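Observations on chain architecture
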Amino acid sequence: MMEENKKNPKVIDLRVVAKKIWANKKLFYKVLPIVFILSCIYILSIPRYYSSETKLAPEMESSGVGGTLGSLAASFGFDVNDMQTSDAITPLLYPDLMEDNAFVVSILSIKVESQDGDIKATYHDYLKSFQENAWWVYPINWLKNLLPKKEDNVGNKSKYDPYNLSKKENSILNKARKNIDISIDKKTGVITIAANAQDPLICKTLADSIKNKLQVFITDYRTSKARVDYEYYKGLTVEAKQDYERMRQRYGAFIDGNVNIALQSVRLKAEEMESEMELKLNNYNTLNSQMLAAKAKVQERTPAFTVIKGAAVPIKPAGPKRMMFVAGMLVLACVILSLYSIRSYIVNQ
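Residues numbered from 1 in each chain as written. Predicted model: local features only at pLDDT ≥ 70, side-chain atom pairs only at ≥ 80, totals over all residues. Heavy atoms only, no water.

For the protein chain, the helix and strand inventory stands at 13 helices and six strands. A buried classification covers 31% of the 349 residues belonging to the protein chain. Of the contacts formed within the protein chain by residues at least 6 apart in sequence, a portion of 76% connects residues at least 24 apart. Total accessible area computed for the protein chain in this model is approximately 23100 Å², and 58% of it derives from carbon and sulfur atoms. (Helix = DSSP H or I, 4+ residues; strand = E, 2+ residues; numbered from the N terminus. Buried < 20%, exposed > 50% of the residue type's maximum accessible area, 1.4 Å probe, protein only. Contact = heavy atoms within 4.5 Å. Areas by Shrake-Rupley, 256 points an atom, 1.4 Å probe, with all protein chains shown as cover.)

The structure is reproduced here in structure tokens:
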């Protein structure tokens, strides 16, 4: 029997399937309008949001990887020379900044204004007090408020600690993370910053502000060691200049006080002081040169940025896709109803 079944596999007759589905057409007439109405109620209750993005190409310090490895990587669409840098934080890690609470908290301080001018607040207050929600969120929140609450004093301190937040503050940070996306093209190194908001002008403001904050972060990181070196040599130069000035004043006062004295000891003392003054002057000149070189190094390490695509105020909402959602739910309902209609035929097969 098994051999016969293998030789004569059962074939699904599409005409029978169509008749089964057609026989249950009344079920489709009843269910599909209900699915349509419920889908419309659901998707129309979800607030629309807008999206704006900007693209940034930072200058990267290449360490130069060539030869066979570079050729092999290029054949797969990766430019090794662009992605290999001498920095500890490579461009590939920039998107991970959104995981750092301190960076996200700095974003929450951005000043935003709605397109109609009714909202003027920080991004933190915008997320906390000016968000439209679906209608079912309000009864859920009302029920939550009826439940006994545990005291949550974490984060309620005079000094704001981004790594020790209350539950409410942490939820606001998570909202910000969901609305902001930083990505990088591994092949070209172009950074894309996308921001979502319920107001078109606010999402454009967010994209621009995050771009500026990312530029500051990259610049501060790339120049951090050079700036430390500059401050170090600057302090030494100031001390060397003060030492030279004090020695010059001592030497001048000694010469003025011994103008008419021709003793050999006086001349030797004057020569000794003059020699010491010249040493301090040479030391000052050397340190001053090193300070200027360190200052130039800061400028050399400061990366240049090219804005490939500027953030624009969106004209149309980015989502939710209402027509697509309703159409998808109707298609899903049709599939489920069709399977329900032919369930007995499939089982008998």
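That shown, we press on.
Below, the discussion takes up the sheet that holds strand β1 (residues 50-58). Taken in spatial order, the four strands of this open sheet run β4-β5-β1-β6, and their pairing is antiparallel. Each edge of the open sheet is held by one strand with a lone partner, namely β4 (180-184) and β6 (305-309). Neighbouring strand axes in the sheet, compared pairwise and without regard to direction, differ in orientation by 25° on average. By the bridge criterion, seven bridges tie β1 to strand β5 (residues 191-197) in an arrangement that is antiparallel. Residue pairing across strands places Tyr50 opposite Ala197, the latter belonging to β5. (Pairing = 2+ DSSP bridges. Axes fitted to C-alpha atoms, helices over the stretch in contact; angles between N-to-C directions.)

Across the interface, helix α10 (residues 200-257) lies against helix α11 (residues 264-301) with an axial gap of 8 Å and an inter-helix angle of 160°. Relative to α11, the element α10 lies roughly antiparallel. Crossing geometry of α10 relative to α11 is assigned as left-handed. Residues belonging to the contact of α10 with α11 are distributed by class as follows: 20 nonpolar, five polar and 15 charged. (Parallel < 35°, antiparallel > 145°, perpendicular 65-115°, else oblique. Left-handed = near helix turned anticlockwise from the far one by under 90°. Nonpolar A, V, L, I, M, F, W, Y, C, P; charged D, E, K, R; others polar.)

Together, Ile34, Phe36, Ile37, Leu38, Ile41 and Trp135 line one region of the surface with nonpolar side chains, adding up to about 630 Å² of accessible area. Within the secondary structure, Leu38 is located in helix α3 (residues 25-45). With a relative accessible area of 54%, Leu38 lands in the exposed category. (Patch = residues over 30% accessible without salt bridge, like charges linked within 9 Å, V, L, I, M, F, W, Y side chains within 5 Å. Salt bridge = Lys/Arg side-chain N within 4 Å of Asp/Glu carboxyl O.)

This brings us to the pattern of salt bridges. Scanning all chains against the criterion turns up six salt bridges. Residues Lys225 and Asp229 are paired through a salt bridge, measuring 3.2 Å at the closest nitrogen-oxygen approach. With a gap of four residues between them, Lys225 and Asp229 both fall in helix α10, about one helical turn apart. Of the charged contacts in the structure, one is a salt bridge between Arg248 and Glu245, with a shortest N-O distance of 2.7 Å. One end of the pair, Arg248, and the other, Glu245, are both in helix α10, three residues apart, so they sit about a helical turn from each other.

Turning to the packing of aromatic side chains, a few remarks are in order. Within this structure, the stated rule accounts for five aromatic pairs. Plain terms: the ring middles of Tyr42 and Trp136 are 5.3 Å apart, the flat faces sit at 5° to each other, and that makes the pair stacked. You can see Tyr42 sitting in helix α3 and its partner Trp136 sitting in the loop between α7 (123-129) and α8 (137-146), a full 94 residues away along the chain. Look at Tyr232 and Tyr233: their rings are 5.4 Å apart centre to centre, the planes differ by 65°, and that puts the pair in the edge-to-face class. With a relative accessible area of 24%, Tyr233 lands in the partly exposed category. Members of the aromatic cluster, connected to one another through ring pairs, are Tyr42, Trp135, Trp136 and Phe325. The positively charged end of Arg343 is found above the aromatic ring belonging to Tyr340, 4.1 Å away from the centroid. (Phe/Tyr/Trp six-rings, centres within 6.5 Å; stacked < 30°, edge-to-face > 60°. Lys NZ or Arg CZ within 6 Å of the ring centre and 35° of its normal.)

Time to look at the pairing of β4. Two faces make up the sheet, and in a regular strand the side chains alternate between them. The alternating pattern of β4 places Ile180, Ile182 and Ile184 on a buried face, while none of Asp181 and Ser183, on the opposite face, is buried. Pairing between β4 and β5: five bridges, direction antiparallel. Note on β5: the bridge partner recorded for Ile184 is Ile191. In this structure, the hairpin formed by β4 and β5 is closed by a connection of six residues, where Gly189 is found at a positive phi of approximately 80°.

In this section: the nonpolar core. Ranked by size, the top nonpolar core spans 34 residues in total, and within it Ile107, Tyr123, Tyr126 and Ile191 carry the most contacts. Listed by contribution, the elements that provide at least two residues to this core are α6 (101-108), α7, α9 (167-179), β4, β5 and α10. At seven residues, α10 tops the list of elements feeding residues into this core. Those residues in contact with Ile107 that sit more than four places away from it in its chain are Met98, Tyr123, Ile180, Ile210 and Lys213. (Core = buried A, V, L, I, M, F, W, Y, C linked by side-chain atoms within 4.5 Å.)

With that out of the way, let us pick up unusual backbone geometry. With an omega of -5°, the peptide bond running from Gly319 to Pro320 counts as cis. As for its placement among the helices and strands, Pro320 is situated in the loop between β6 and α12 (322-341).

Do not read the fine detail of predicted coordinates wherever pLDDT is low. For the protein chain, per-residue confidence averages 84 on the pLDDT scale, and 83% of positions sit at 70 or higher. Ignoring residues within four places in sequence, the model shows residues 63-84, a span with pLDDT below 50, making 22 contacts including any to other chains. In this model, residues 154-158 is a region of pLDDT below 50 whose contacts with residues beyond four sequence positions or in other chains number seven contacts. (pLDDT = per-residue confidence, 0-100.)

On to the environment of Val112. By secondary structure assignment, the location of Val112 is in strand β2 (residues 111-113). On the accessibility criterion, Val112 (4% relative accessible area) is buried. Separated by 94 residues in sequence, Val112 and Leu206 have C-alpha atoms that sit 7.7 Å apart. Non-local contacts of Val112, meaning those with residues more than four positions away in its chain, are made with Ile119, Lys120, Ala121, Thr122, Tyr123, Tyr126 and Ile202.

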